[in-house]
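Tertiary structure, described
Residue-level listing of the chains:
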Amino acid sequence: PQAGMQQGAKPPGPAPAPQQQPPPQHPAKFSSVVGGTAVPRPAAPPVAAASAADPKRTAATTAMEAQRREEAKLAEARRIEANRTTGVGKGVDPKANHPKVKLRGLPYGSTVADVLNFFRGFGVIEGSVTFGVNSEGRPSGEAWVSFTRLEDARRAVREKDRHHMGDRYVELFLLNEGGGVASRGFNT
């Protein structure tokens, strides 16, 4: 006997191979309905995650979303800066009875400068442009503008109603003293 081996121990050798069962001759049948049978389908290959399958698409999508967010921030900053530099709310006596026009359908990124340019030559009071916002604080596409004379406001509504600002047409409404719509300018 060899030294260091216990009595009755077998010398180390290759481990015995596990016994494999032969595959079934006929695939198992499963009953899904009374009297019906179904043959099991082979397992579908695992679906790879979109990021692993196409990293360029995911990176491009992420970059586009980031660019959209950045553009929205810049548009808001431009609008705020334009409002600040043109003195919105300054120079207009709130007690004065200036004729007002409501604009609806403005591009969401519109600035005071855009509105003043739209009404160039119509006697807009420069510091009177006010933009509407929705419940989330985002632009609503509406604005209100005061004019120096009622005739200028009527002419603006008559001549500029449904004209385009950017890629959107803008509807104009002449407002009465209480803020309600006085006319659309068709018969004024």
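The structure under discussion appears in the preceding block.
Residues numbered from 1 in each chain as written. Predicted model: local features only at pLDDT ≥ 70, side-chain atom pairs only at ≥ 80, totals over all residues. Heavy atoms only, no water.

A closer look at the overall build of the protein
Helix and strand counts for the protein come out as 4 helices and 6 strands. Secondary structure elements in the protein, listed N-terminal to C-terminal, are α-α-β-α-β-β-α-β-β-β. Each of the 188 residues in the protein was classed as buried or not, and the buried ones make up 26%. Looking at the protein alone, contacts between residues at least 24 apart form 59% of all its contacts between residues at least 6 apart. Working note: accessible area of the protein is about 14,100 Å², and carbon and sulfur atoms make up 54% of it. (Helix = DSSP H or I, 4+ residues; strand = E, 2+ residues; numbered from the N terminus. Buried < 20%, exposed > 50% of the residue type's maximum accessible area, 1.4 Å probe, protein only. Contact = heavy atoms within 4.5 Å. Areas by Shrake-Rupley, 256 points an atom, 1.4 Å probe, with all protein chains shown as cover.)

Points about the side chain of Lys160
Looking at the element boundaries, Lys160 is found in helix H4 (residues 150-160). One buried charge, Lys160, has no salt-bridge partner; the nearest side chain with opposite charge is Glu159, at 7.7 Å. For Lys160, the side chain forms a polar contact with the main-chain oxygen of Phe118, separated by 3.3 Å. Apart from the residues within four sequence positions on either side, Lys160 is in contact with Phe118, Phe122, Val170 and Leu172. (Lys, Arg positive; Asp, Glu negative; His and termini not counted. Salt bridge = Lys/Arg side-chain N within 4 Å of Asp/Glu carboxyl O. Polar contact = N/O pair within 3.5 Å; in protein donor to acceptor, adjacent residues only side chain to side chain.)

Some points on H4
Those residues of H4 that fall on the buried side of the exposure criterion are Asp152, Ala153, Ala156, Val157 and Lys160. End-on view of H4: buried residues confined to an arc of 135 degrees, all on one side of the axis. Residues of H4 that are buried make contact with strand E1 (100-104), helix H3 (112-118), strand E4 (163-165) and strand E5 (168-175). In the segment just after H4, Arg162 is the residue with positive phi, at about 65 degrees. (Arc of directions from axis to C-beta.)

Comments concerning the pairing of E5
When you tally the buried positions in E5, you get 6 out of 8 residues, the bulk of the element. Taken together, the 5 bridges between E1 and E5 define a ladder with antiparallel strand orientation. If you follow Leu103 over to E5, its bridge partner there is Leu172. Here E4 runs beside E5; their pairing, made up of 3 bridges, is antiparallel. Along E5, the bridge assignment pairs His164 with Tyr169. With antiparallel pairing between neighbouring strands as the criterion, E4 and E5 make up a hairpin whose turn holds 2 residues, including Gly166 at a positive phi of roughly 65 degrees. (Pairing = 2+ DSSP bridges.)

Describing the environment of Tyr169
Following the sequence through the fold, Tyr169 ends up in strand E5. Here Tyr169 falls in the partly exposed class, since its relative accessible area comes to 44%. Note: C-alpha distance between Tyr169 and Gly105 (64 residues apart in sequence) is 6.4 Å.

Details of the pattern of salt bridges
The final tally for this structure, using the stated rule, is 6 salt bridges. With a shortest N-O distance of 2.9 Å, Glu171 and Arg104 are connected by a salt bridge. Within this pair, whereas Glu171 is found in strand E5, its partner Arg104 is found in strand E1, the two being separated by 67 residues in sequence. The exposure class assigned to Glu171 is buried, which follows from its relative accessible area of 12%. Taking the relative accessible area as the measure of exposure, Arg104 reaches 35% and is therefore partly exposed. For Arg138, the salt bridge goes to Glu136, with nearest N and O atoms at 3.6 Å. Exposure remark for Arg138: the relative accessible area of 54% places this residue in the exposed category.

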